[in-house]
Amino acid sequence: MRYTFILFLFITIVSHAQQITVLDIDTREPVISVAIYNEDKSISTITDFDGNADISAFSKTEKIIFSEVAHQQAIYTKAQIQTYGNKVYLKQLENSLGEIVLSVSKFGQKKNEISQKIVGLSKEDIELFNPQTAADLLQSSGQVFVQKSQLGGGSPSIRGYSTNRLLITLDGIRFNTAIFRGGNVQNIISIDPFSLERTEVILGPGSVIYGSDAVGGVLNFYTKKPTFSKQDSLGLVISGNALTRYSTANNEKTGHFDINIGAHKWAFLTSASYSDYGDQRQGRHGPDSFLRNEFVRRINGEDVVVQNDDPLKQVSTGYSSYNFLQKIRYAPNATWDFNFNVSYATTSDFDRYDRLTQRDDDGGLRSAEWYYGPQKWFLTSLQINKEGSGPWYDRVQGTFAFQNSEESRNDRRFGRTGLRSRTERVNALSGSLDFTKALKNRKNKLNYGIEYVYNYINSNGSVTDIETGQFELTDTRYPDGSEWQSLAAYVSGQFELAPKLRLNTGLRYNQIFIFTDFRGNNQFFNFPFEKSRVNFGNVTGSAGLNYELSKTVLLKTNLSTAFRAPNIDDIGKVFDSGDGDLVIPNPDLKAEYAYNAEIGAVFNFNNLVTFDANFYYSQLQNALVRRDFTLNGSSTIEFEGETVNIEAIQNAGTAEVWGFEAGLEIKLPHDLTLTSHYNITRGEQKEEDGSLLPVRHVAPTFGDTHLVWKKERWTLDAYASYNGSFDFNDLSPEVSDSPELFAVDANGNPFSPSWYTLNFSSQFKLNEHWNFTANLENITDQRYRTYASGISAAGRNLILSAKYSF
């Protein structure tokens with residue numbers, strides 16, 4: 001009897017050791033109905049409703065295949081599975097039903113359970129559309145508007161909010177710094193599209209999870225992860241890609257490679273890209289005011305206006321860029337996963353094209369030189385993931401990062417010899433801990449976390465005589481030695497209130513600490529203050545409902561608040577706007593708040609026709625805006641030999657923004673798919689005298705329509721992009737005072753004309769190694785600018801690319 005019991009106990013232990021659980025790698029939820037079989041399919045089984053299966057029938061060394069309709073196929077040996085704690089993780093297929101979203105809670109969620117609208121872009125989208133920068137990638141979505149002041153740039157706009165009212169993250173790390181300005185921000189070009197695995201854009205507020213700046217939306221970029229060996233427990237697997245690309249409109253020459261070395265517990269990923277761009281050619285058909293008829297060159301020690309032999313060529317727009325990424329991943333077991341990352345990006349000098357076309361009061365070109373120095377960005381980070389099974393969390397993610405960024409502005413007035421240079425460096429430290437815990441049979445989830453961010457700003461200014469080399473110090477753009485800190489805690493949850501009704505809600509408290517020292521600039525301006533310390537708290541919250549009315553109709557609604565704390569750019573900047581105004585510091589600022597409401601619906605007719613629509617409204621209070629200001633009782637000041645008006649950032653505005661978004665997907669016969677996006681945004685800003693003016697960053701109506709044919713190795717995409725107009729009365733005074741950005745109407749006033757482009761993209765996968773793309777953009781050679789842009793978009797443009805994978 002004793003031996004029988006021992007034998008039974010032994011069999012029970014062995015059987016239990018061969019019970020496995022199959023989980024989604026992002027949500028950590030069980031995956032049901034996973035087919036599990038060996039290579040000749042002589043042995044097979046399937047996971048149950050808890051994701052469990054018995055693999056005792058398989059031998060220890062044979063390959064076991066895991067296959068499920070919505071996930072990528074995986075292959076493991078029994079020995080490998082045992083080292084992972086008898087857990088198998090599957091990754092969702094791109095564009096599969098029930099797509100997983102990472103950005104809303106920092107942990108995976110099913111898209112149809114989220115009350116906010118999410119735009120997703122995959123690495124396959126990048127391969128097809130071949131964007132030159134991350135800004136171009138966002139624009140290709142048809143749901144994010146992008147402004148450009150020069151070729152080396154791209155400033156996204158979402159639902160009427162832009163620049164420092166949008167938050168950018170990279171692998172969950174805050175990319176915004178304390179000098180992100182209210183004017184158009186071009187830093188996003190430091191993110192290499194070739195290094196990205198996926199991109200998710202939250203349309204609407206995200207302050208509960210991400211804090212300050214997440215007012216209009218959150219732009220989340222996720223880089224590729226190193227992958228482990230799946231062949232056996234000892235061998236290495238080496239894979240990678242090499243790509244080359246050429247574009248005709250700006251004579252682009254790009255090269256890229258990445259290589260992954262994967263072992264059982266260690267994996268390494270190296271990625272590098274280099275691009276060289278020439279001057280961009282604009283289209284033949286469009287406003288004459290966009291032509292580059294003349295430019296400035298220094299000849300024999302004098303500034304000379306030179307006539308352009310080819311006005312379609314936008315002289316002084318070319319530049320080059322370099323990106324590097326190194327990742328190391330270590331997973332000793334199924335509990336721990338360590339990810340170490342080093343990223344570096346830099347550019348050459350690049351001219352600010354809109355300032356080089358700006359004219360003075362006499363009608364002549366205002367600047368002989370105006371260029372950014374190399375835009376440098378360095379990141380090193382460590383992300384630690386730990387699986388848990390205790391009462392407090394199922395998974396915890398720690399993210400710790402250091403960033404160093406550098407940018408400089410260099411300008412010289414026409415006919416003068418003094419070259420003014422201002423350089424800014426930001427050192428940014430950040431750390432966060434994020435937890436997730438499933439409640440009530442995994443139907444409800446609780447997420448919570450803490451975050452700390454620290455920015456230290458160095459700023460210097462100088463003027464150099466380009467003839468004599470004489471050097472002297474001048475005012476700095478920001479107070480040197482300034483500090484910006486954020487300390488926050490949040491909690492959010494997803495709750496099933498009824499079988500078809502889900503609640504998404506959350507709350508965040510954020511404390512902001514700001515220190516500025518103005519003494520360095522007091523020798524130039526005699527400010528009535530020397531130092532400033534600001535310390536205030538902010539509370540934000542959100543609540544959203546998803547109701548599945550039927551298998552066809554899903555209804556969504558969301559209420560939320562968001563905030564943007566003043567940063568060093570708001571409080572301490574000294575800035576020559578170029579239109580006769582000088583912006584000076586104002587330490588007496590507080591956070592601006594947005595109150596938001598949104599309602600939407602998704603209609604899905606048997607997965608053949610899908611239509612979604614969203615209406616939204618946002619009210620911004622205590623808005624940080626530029627207004628007339630006084631210094632020592634005076635409203636003007638002498639600056640660079642001119643009398644200019646004094647302005648400062650102030651909590652003096654109230655704005656309302658509302659709009660409509662729609663999307664359509666129709667699966668047609670013969671492997672055809674029709675998709676379309678349409679976006680309408682309007683807004684008003686209330687002035688001190690009660691008058692209403694247009695909001696600066698509200699974009700005209702825009703959208704796109706695609707007809708895609710995809711079969712076997714071919715993908716063909718014929719599409720149109722289109723943009724509405726803004727008449728003179730639709731323009732905010734903040735941009736209408738810059739006529740060099742716009743066309744001229746019959747009355748001589750600036751306006752933003754409507755435009756369209758017809759385009760064609762194609763991709764051919766020759767085999768598992770070779771992939772070729774050929775895209776023809778702006779086929780009818782239109783000359784146009786996206787709203788408030790200082791540079792015209794590319795004219796007819798042929799893009800050729802070849803990629804080799806191994």
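Calculation rules
Residues numbered from 1 in each chain as written. Predicted model: local features only at pLDDT ≥ 70, side-chain atom pairs only at ≥ 80, totals over all residues. Heavy atoms only, no water. Helix = DSSP H or I, 4+ residues; strand = E, 2+ residues; numbered from the N terminus. Rg over C-alpha atoms; globule rule 2.2 N^0.38 Å. Buried < 20%, exposed > 50% of the residue type's maximum accessible area, 1.4 Å probe, protein only. Contact = heavy atoms within 4.5 Å. Lys, Arg positive; Asp, Glu negative; His and termini not counted. Charge placed at Lys NZ, Arg CZ, Asp CG, Glu CD. Pairing = 2+ DSSP bridges. Core = buried A, V, L, I, M, F, W, Y, C linked by side-chain atoms within 4.5 Å. 1 Å grid on protein atoms, 1.4 Å probe; cavity = no way out; pocket = protein on both sides within 12 Å on 5 of 7 lines; lining within 4 Å. Points joined across faces, edges and corners; volume = space filled by probe spheres on them. Nonpolar A, V, L, I, M, F, W, Y, C, P; charged D, E, K, R; others polar. Patch = residues over 30% accessible without salt bridge, like charges linked within 9 Å, V, L, I, M, F, W, Y side chains within 5 Å. Areas by Shrake-Rupley, 256 points an atom, 1.4 Å probe, with all protein chains shown as cover. Salt bridge = Lys/Arg side-chain N within 4 Å of Asp/Glu carboxyl O. Phe/Tyr/Trp six-rings, centres within 6.5 Å; stacked < 30°, edge-to-face > 60°. Lys NZ or Arg CZ within 6 Å of the ring centre and 35° of its normal. Polar contact = N/O pair within 3.5 Å; in protein donor to acceptor, adjacent residues only side chain to side chain. pLDDT = per-residue confidence, 0-100.

## Some points on the overall build of the protein
Turning to step 1, where the next piece is worked out: Scanning the protein from terminus to terminus reveals nine helices and 52 strands.
Turning to step 2, where the next piece is worked out: Taking 28 Å as the expected radius of gyration for a compact globule of 806 residues, we find that the protein reaches 28 Å, a close match to that expectation.
Turning to step 3, where the next piece is worked out: Once the C-alpha set of the protein is aligned to its principal axes, its extents read approximately 105 × 55 × 55 Å.
Turning to step 4, where the next piece is worked out: Split into buried and exposed, the 806 residues of the protein put 57% on the buried side.
Turning to step 5, where the next piece is worked out: Long-range pairs, those at least 24 residues apart, make up 66% of the contacts in the protein with a sequence separation of at least 6.
Turning to step 6, where the next piece is worked out: Between the mean site of the 78 positive side-chain charges and the mean site of the 93 negative ones, the protein shows a separation of 7 Å.

## So, the sheet that holds strand E11 (residues 145-147)
Turning to step 1, where the next piece is worked out: The strand order E11-E12-E13 describes an open sheet built from three strands, whose pairing is antiparallel. Every interior strand has two partners, whereas the edge strands, E11 and strand E13 (161-162), have only one.
Turning to step 2, where the next piece is worked out: The pairing of strand E12 (residues 155-158) with E13 spans two bridges and is antiparallel. Bridging from a neighbouring strand, Ser157 pairs with Ser162 of E13.

## Considering the nonpolar core
Turning to step 1, where the next piece is worked out: Grouped together as the largest cluster of nonpolar side chains are 50 residues, with contacts concentrated most on Ile168, Ile188, Ile191, Val201, Phe221 and Tyr787.
Turning to step 2, where the next piece is worked out: Listed in part, the 33 residues of the second largest apolar core include Ile179, Phe527, Ile568 and Leu624.

## A short note on empty space enclosed by the protein
Turning to step 1, where the next piece is worked out: Taken as a whole and judged by the stated rule, the model has 19 cavities of 30 Å³ or more.
Turning to step 2, where the next piece is worked out: Forming the walls of the largest cavity are 40 residues, and the residues nearest its centre are Asp136, Gln139, Glu777, Tyr784 and Ala793.
Turning to step 3, where the next piece is worked out: For the lining of the largest cavity, the elements supplying multiple residues, two or more each, are helix H4 (134-139), E11, strand E46 (702-711), strand E47 (714-723), strand E50 (755-765) and strand E52 (797-805).
Turning to step 4, where the next piece is worked out: The class makeup of the residues in the lining of the largest cavity is 16 nonpolar, 19 polar and five charged.
Turning to step 5, where the next piece is worked out: In this structure, the second largest cavity encloses a volume near 270 Å³.
Turning to step 6, where the next piece is worked out: Among the secondary structure elements, those contributing two or more residues to the lining of the second largest cavity are helix H5 (207-210), strand E34 (482-498), strand E35 (501-517), strand E36 (531-548) and strand E37 (553-564).
Turning to step 7, where the next piece is worked out: Looking at the lining of the second largest cavity element by element, the count peaks at four residues for H5.
Turning to step 8, where the next piece is worked out: Of the residues belonging to the lining of the second largest cavity, the class tally is seven nonpolar, 18 polar and no charged.

## Quick look at the sheet that holds strand E15 (residues 173-174)
Turning to step 1, where the next piece is worked out: Sheet architecture is open: five strands sit in the order E10-E16-E17-E14-E15, paired in mixed fashion. Each having just a single partner strand, strand E10 (117-122) and E15 make up the two edges of the open sheet.
Turning to step 2, where the next piece is worked out: The pairing of strand E14 (residues 166-170) with strand E17 (residues 217-223) spans five bridges and is classified as parallel. Its bridge partner being in E17, Ile168 is matched across the sheet by Leu219.

## Brief notes about unusual backbone geometry
Excluding glycine, residues mostly have negative phi values, and the peptide bonds linking residues are mostly trans.
Turning to step 1, where the next piece is worked out: In this structure, His670 takes a positive phi of about 60° despite not being glycine.
Turning to step 2, where the next piece is worked out: With respect to the helices and strands, His670 occurs in the loop between strand E43 (642-668) and strand E44 (672-686).
Turning to step 3, where the next piece is worked out: One non-glycine residue with positive phi stands out, namely Asp671, at about 65°.
Turning to step 4, where the next piece is worked out: Looking at where Asp671 falls in the secondary structure, it is placed in the loop between E43 and E44.

## Observations concerning a nonpolar patch on the surface
Turning to step 1, where the next piece is worked out: A cluster of nonpolar residues, Leu236, Ile238, Ile261, Trp266, Phe268, Leu766, Trp770, Phe772, Tyr804 and Phe806, forms a patch on the protein surface that exposes about 900 Å² of accessible area.
Turning to step 2, where the next piece is worked out: Taken together, the elements giving at least two residues each to the nonpolar patch come down to strand E20 (266-277) and strand E51 (770-777).
Turning to step 3, where the next piece is worked out: Note that Tyr804 resides in strand E52.

## A short note on the packing of aromatic side chains
Turning to step 1, where the next piece is worked out: Taken as a whole and assessed by the stated rule, the structure comprises 30 aromatic pairs.
Turning to step 2, where the next piece is worked out: With a centroid separation of 5.7 Å and 10° between ring planes, the pair formed by Trp336 and Phe338 is classed as stacked.
Turning to step 3, where the next piece is worked out: When the ring of Trp755 is compared with that of Tyr784, the centres are 4.1 Å apart and the planes differ by 25°; the resulting orientation is stacked. Note that Trp755 is positioned in strand E50 and Tyr784 in the loop between E51 and E52, a separation of 29 residues in sequence. Both residues of the pair, Trp755 and Tyr784, count as buried.
Turning to step 4, where the next piece is worked out: Its guanidinium or amino end placed over the ring of Tyr37, Lys41 lies 5.3 Å from that ring's centre, counting from NZ or CZ.

## A few points about the pairing of E47
Turning to step 1, where the next piece is worked out: In this structure, E46 lies alongside E47, joined through 10 bridges in antiparallel fashion. Bridge pairing links Gly703 to Tyr722 in E47.
Turning to step 2, where the next piece is worked out: Between E46 and E47, which pair antiparallel one after the other, the connecting turn spans two residues, and Glu712 there sits at a positive phi close to 50°.

## Some points on the environment of Thr474
Turning to step 1, where the next piece is worked out: Secondary-structure assignment places Thr474 in the loop between strand E33 (471-473) and E34.
Turning to step 2, where the next piece is worked out: Residue classification places Thr474 among the buried residues on the basis of a relative accessible area of 14%.
Turning to step 3, where the next piece is worked out: Sequence-wise, Thr474 and Val463 are 11 residues apart; in three dimensions their C-alpha atoms are separated by 6.4 Å.
Turning to step 4, where the next piece is worked out: Those residues within four positions of Thr474 in sequence are excluded, and the remaining contacts are Arg420, Gly461, Ser462, Val463 and Phe524.
Turning to step 5, where the next piece is worked out: Within polar-contact distance, the side chain of Thr474 engages the side chain of Asp475 at 3.0 Å.

## Comments concerning the pattern of salt bridges
Turning to step 1, where the next piece is worked out: With the rule as written, the count across this model stands at 41 salt bridges.
Turning to step 2, where the next piece is worked out: Arg298 is the salt-bridge partner of Glu467, the closest N and O atoms lying 2.9 Å from each other. Here Arg298 lies in strand E22 (residues 294-299) and Glu467 lies in the loop between strand E32 (444-465) and E33, a separation of 169 residues in the sequence.

## Points about the pairing of E46
Turning to step 1, where the next piece is worked out: Where E44 lies against E46, eight bridges are found, and the strand directions are antiparallel. Within E46, the position partnered with Asn679 by the bridge is Phe702.

## Some points on the confidence of the model for the protein
Turning to step 1, where the next piece is worked out: Taken residue by residue, the protein gives an average pLDDT of 92. The fraction at 70 or more is 96%.
Turning to step 2, where the next piece is worked out: In this model residues 5-16 is a low-confidence stretch, pLDDT under 50, and it forms one contact with partners more than four residues away in sequence or in other chains.

## Some details on the side chain of Asn308
Turning to step 1, where the next piece is worked out: Considering the arrangement of structural elements, one finds Asn308 in the loop between strand E23 (302-307) and strand E24 (313-314).
Turning to step 2, where the next piece is worked out: Judged by relative accessible area, Asn308 falls into the buried class, the value being 12%.
Turning to step 3, where the next piece is worked out: Only 2.7 Å separates the side chain of Asn308 from the backbone oxygen of Arg292, close enough to count as a polar contact.
Turning to step 4, where the next piece is worked out: For Asn308, the side chain forms a polar contact with the main-chain oxygen of Asp310, separated by 2.9 Å.

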